[in-house]
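Here is how the chains run, residue by residue.
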Protein chains: 4
Amino acid sequence: MQAPPEAKPRWERRKDARPQELLAAALGQFVERGFAATRLEDVARRAGVSKGTLYLYFENKEELFKAVVREHIVHAIGAAEQTVAEFEGHSGELLRAILMRWWDQIGATELAGITKLMMAEANNFPDLAQFYNVEVIERGNRLISSVLVRGIARGDFRPHDTDVMTSVLTAPVLMLMMWTHSFLPCDMSAVDPQAYMEAFIGMALNGLLPPDAPAA
Amino acid sequence: MQAPPEAKPRWERRKDARPQELLAAALGQFVERGFAATRLEDVARRAGVSKGTLYLYFENKEELFKAVVREHIVHAIGAAEQTVAEFEGHSGELLRAILMRWWDQIGATELAGITKLMMAEANNFPDLAQFYNVEVIERGNRLISSVLVRGIARGDFRPHDTDVMTSVLTAPVLMLMMWTHSFLPCDMSAVDPQAYMEAFIGMALNGLLPPDAPAA
Amino acid sequence: MQAPPEAKPRWERRKDARPQELLAAALGQFVERGFAATRLEDVARRAGVSKGTLYLYFENKEELFKAVVREHIVHAIGAAEQTVAEFEGHSGELLRAILMRWWDQIGATELAGITKLMMAEANNFPDLAQFYNVEVIERGNRLISSVLVRGIARGDFRPHDTDVMTSVLTAPVLMLMMWTHSFLPCDMSAVDPQAYMEAFIGMALNGLLPPDAPAA
Amino acid sequence: MQAPPEAKPRWERRKDARPQELLAAALGQFVERGFAATRLEDVARRAGVSKGTLYLYFENKEELFKAVVREHIVHAIGAAEQTVAEFEGHSGELLRAILMRWWDQIGATELAGITKLMMAEANNFPDLAQFYNVEVIERGNRLISSVLVRGIARGDFRPHDTDVMTSVLTAPVLMLMMWTHSFLPCDMSAVDPQAYMEAFIGMALNGLLPPDAPAA
DNA sequence: AATGAATGAGGTTTCATTCAT
DNA sequence: AATGAATGAAACCTCATTCAT
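Residues numbered from 1 in each chain as written. Chains lettered and ligands numbered in written order. Predicted model: local features only at pLDDT ≥ 70, side-chain atom pairs only at ≥ 80, totals over all residues. Heavy atoms only, no water.

## Quick look at the UniProt feature "DNA-binding region" (unreviewed entry) in chain A
Next up, step 1: UniProt's entry tags residues 39–58 of chain A with the feature "DNA-binding region" (unreviewed entry), counted in the numbering of this structure.
Next up, step 2: The span residues 39–58 of chain A shows a helical share of 75% and a strand share of 0%, and its end C-alpha atoms are spaced 14 Å apart. (UniProt positions renumbered as here; feature names shortened; annotations may be inferred. Helix = DSSP H or I, 4+ residues; strand = E, 2+ residues; numbered from the N terminus.)

What follows is the structure in structure tokens.
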């Protein structure tokens, strides 16, 4: 009776939207400051909630970080796995799609900051490192690897050591991510990431084709 | 009987050796933990002194870090500048020497951890970033650049945009440093850094020669 | 049986009362120990809270001190200004009221310790000195001065240099404050501050009257 | 043989001069900063010696301070006692001499800073307070008192409570010292200390004369 | 579900004092 | 007699986490 029904409540039920907002805020803060230097208070303020609210959704800072990684990176890997499982064409085409999506969805976004952050701080947070290795690195490598195996099996690629080749293929992408997200003003403006990715993938695919295949 | 004559004194005076020991301890700690996460107490313990002793030699944490950088990295750049100034042979040979020394004296040592650290934490410590940019990055780039200019002037290299080329030349080395000093177990064991450097430099030099020169 | 139901909680929420309690504790500690020698931990303990709590309400030690001064002294000056603005009677009466209130509300209370503290430590804390000069000394002097100007304008006082007279009027009060709050056991017990104030004001007012006025 | 005899030695034997230099440096520093805020390192630097040297002459900071007080203030009291003991004229003349000397030798010099310092910090250093009370305040009061007693005994002064009168006589001098050495910019420039002292002493002596004496 | 006041361990820095040289 | 390197006990301040409301 006192308050009209449409009176703005002190806080708003967001229900399922809430966690997403918290994760978005956390991502931004982690990328800007790194893991250790990120203050939960800033994450909360950025999400427009109170510090305590974070703890309703995430056990602690590490779990919040893991959730960010799961939400954005692990999820993307899952989608890529799906693509691989369903794909029916030439493995070279598939590999190109996977690598380009990696760049577009992660490398070219603020998510690349997570990669940088992990390289920098993993030493100080062994639990996080363990988690990231299992959930991201190993799983990601497995994904690339599986495409290579598929390619060899189908005769799309010439036979090779797929584990080594996985490293060879991931390294440039990781490096480009570090590069574009580092403060270091090493005039990378000279290089267009998109062009770099195109060149790199073209070269790689060419090198993977069987000896008798026509150049891609 | 009570006190053995060689009872160790409460502390030992080290005089001139001290600063070096402190810097060595600090370097180790910074590389292992990063700047923010390094506790001065750990640096002190590692050097076998008390916390207060650090402050006899360095004004504060930032100055300690700067001293580490000056002692090891800036100093090395200075030596390289000397080499460039005195060198009399072909610029390709000089460039090779400079790049290999960079790798051998910094990239392949724990000093590469400083580079990694700066990429990771510069955002959080603007003063440090400023210092590092002026003392290391700009000065280092100027050094490489000067070799290229020299090469063009002498006809050792074909004409090119030396600033862009400086980026092109530094990028792979920086990346290799990041790579080999990152926790990320991206099976880089497959690649021998030395071989990588050789290959990279060989390629670069070839590309820099004037059109009519015999392949290196 | 194990835990009595009325077990006291780890901490108690005080909400709006808190700042006042903290300021009271801080005032007590500052007056007892001085600014530099006051440890925030003691202030906290005195207020029955933890060290960290202080920082929820005050940015740092200096801000805490300023808040104490504002809360008690600046506030009192404001009230006095109000009185002056609204007063309608003889300026001598007004001056007497202002000076007596100064003594009663500040000089005779522990707040006099703040005055003593500022005299002692201003040299070591330039920011504090600056603040105190602007917020207390200049403003207080302006207040007295305005009463004198009003008195001259209304013909209540004979013409005189109001700035000099302001000094003449404030000096004895400040001195009495120092005196009664100093440890120095210079048998001031012989003098009753109240009587001293009365005598001083009586004399001052007499001296300020216009030549032809009947002695007060 | 190696070093010519007149080679400047690493340090110079000053023998008895040393302590005086240290005390002078300490006095300056104590007056500028206060007791707690004075760093022994600054005292040492000011005296041109090392920190350790201070401890050869003074057990610790408190003893150093006591020595300063003894050297300058207690010593002056002793000289004044001597004067009183030997004086043969009218007690009014003697009292005037004693008070003026107090002002000239202490009040008008940086030594007045010691008085200010004691008022401000005695609470925090009970041992110092105790020392100062016994050696300076009580002894100083006894000195004044003795002059009053002598005056009454000789019929130079009318009978009165000499302890109370001692307070009455010392208060204005102490206040003037505080005043002139405080940062508080309470335009005391309007008052010339010398004139103030003259006026005060004149008034006091007049009040002390026996009823039938001719005005001084 | 949400808040935000409260906590307290942990980090950097200062400085009186000690002691090997 | 003199030095000055070394110590270590505080002091200020931060922030992840808890919990009464």
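## Re the domain arrangement of chain A
All names here are of chain A.
Next up, step 1: What the domain assignment reports for chain A is domain 1 (10–58) and domain 2 (61–208).
Next up, step 2: The distance between the C-alpha centroids of domain 1 and domain 2 comes to 27 Å.
Next up, step 3: Both faces combined, the contact of domain 1 with domain 2 buries some 1,500 Å², and carbon together with sulfur accounts for 79% of it.
Next up, step 4: Inspection of the domain 1/domain 2 interface yields zero salt bridges.
Next up, step 5: Listed by contribution, the elements that provide at least two residues to the side of domain 1 that touches domain 2 are helix H1 (17–33) and helix H2 (40–47).
Next up, step 6: For the side of domain 1 that touches domain 2, the leading source of residues is H1, giving seven residues.
Next up, step 7: Residues belonging to the side of domain 1 that touches domain 2 are distributed by class as follows: ten nonpolar, four polar and no charged. (Domains from an automatic or database assignment. Buried area = accessible area lost by both parts, 1.4 Å probe. Salt bridge = Lys/Arg side-chain N within 4 Å of Asp/Glu carboxyl O. Nonpolar A, V, L, I, M, F, W, Y, C, P; charged D, E, K, R; others polar.)

## Here's the deal with the pattern of salt bridges
Next up, step 1: Using the criterion set out here, one finds 32 salt bridges over all chains in the structure.
Next up, step 2: Of the charged contacts in the structure, one is a salt bridge between lysine 66 of chain B and glutamate 63 of chain B, with a shortest N-O distance of 3.4 Å. Linking lysine 66 of chain B with glutamate 63 of chain B, this pair stays in helix H4 (residues 61–86), spanning three residues, or about one helical turn.
Next up, step 3: On the basis of relative accessibility, which here comes to 15%, the residue lysine 66 of chain B falls in the buried class.
Next up, step 4: Salt bridges sharing common partners tie together Arg39, Asp42 and Arg45 of chain A. (Buried < 20%, exposed > 50% of the residue type's maximum accessible area, 1.4 Å probe, protein only.)

## Some words on the nonpolar core
Inside soluble globular proteins, nonpolar side chains tend to come together where they are buried.
Next up, step 1: The biggest cluster of nonpolar side chains holds 137 residues, and the ones touching the most others in it are Ile114 of chain A together with Ile114 of chain B.
Next up, step 2: In this view, isoleucine 114 of chain B contacts Leu27, Val31, Phe65, Val68, Val69, Ile73 and Tyr132 of chain B; residues no more than four positions away in its chain are not counted.
Next up, step 3: The next biggest cluster of nonpolar side chains, apart from the first, holds 132 residues, and it includes Leu117, Val147 and Ile201 of chain C together with Leu169 of chain D. (Core = buried A, V, L, I, M, F, W, Y, C linked by side-chain atoms within 4.5 Å. Contact = heavy atoms within 4.5 Å.)

## Overview of the environment of alanine 85 of chain C
Residue and element names in this part refer to chain C.
Next up, step 1: With respect to the secondary-structure elements, alanine 85 resides in helix H4 (residues 61–86).
Next up, step 2: Under the relative-accessibility criterion, alanine 85 is labelled exposed at 66%.
Next up, step 3: C-alpha of alanine 85 to C-alpha of phenylalanine 157: the two residues are 72 residues apart in sequence and 18 Å apart in space.

## Comments concerning the confidence of the model for chain A
Residue and element names in this part refer to chain A.
Next up, step 1: Per-residue confidence for chain A gives a mean pLDDT of 86; residues scoring 70 or more make up 87%.
Next up, step 2: Across chain A, helix H4 (residues 61–86) holds the top mean pLDDT of 96, while helix H8 (residues 162–181) sits lowest at 83.
Next up, step 3: In this model, residues 1–14 is a region of pLDDT below 50 whose contacts with residues beyond four sequence positions or in other chains number two contacts. (pLDDT = per-residue confidence, 0-100.)

## With respect to the side chain of threonine 166 of chain D
Next up, step 1: Relative to the assigned elements, threonine 166 of chain D resides in helix H8 (residues 162–181).
Next up, step 2: Once residues within four sequence positions are removed from consideration, threonine 166 of chain D is found in contact with Asn141, Ile144, Ser145 and Leu148 of chain D.

## Digging into the packing of aromatic side chains
The geometry of an aromatic ring pair is captured by the separation of the ring centres together with the interplanar angle, meaning the angle of the planes.
Next up, step 1: For the structure on display, the rule yields 18 aromatic pairs over all chains.
Next up, step 2: Between phenylalanine 30 of chain B and phenylalanine 35 of chain B, the aromatic rings sit 5.6 Å apart at their centres with planes inclined by 20 degrees, giving stacked as the arrangement. An identical accessibility class is assigned to phenylalanine 30 of chain B and phenylalanine 35 of chain B; each is buried.
Next up, step 3: Ring plane angle 75 degrees and centroid distance 4.7 Å describe the contact between phenylalanine 35 of chain C and phenylalanine 125 of chain C, whose orientation is recorded as edge-to-face. Of this pair, phenylalanine 35 of chain C sits in the loop between helix H1 (17–33) and helix H2 (40–47) while phenylalanine 125 of chain C sits in the loop between helix H6 (112–121) and helix H7 (126–154), and the two are 90 residues apart along the sequence.
Next up, step 4: Counting every residue linked through ring pairs, the aromatic cluster contains Phe30, Phe35, Phe65 and Phe125 of chain A.
Next up, step 5: When the ring centre of phenylalanine 35 of chain A is taken as reference, the NZ or CZ atom of lysine 61 of chain A above it lies at 5.0 Å. (Phe/Tyr/Trp six-rings, centres within 6.5 Å; stacked < 30°, edge-to-face > 60°. Lys NZ or Arg CZ within 6 Å of the ring centre and 35° of its normal.)

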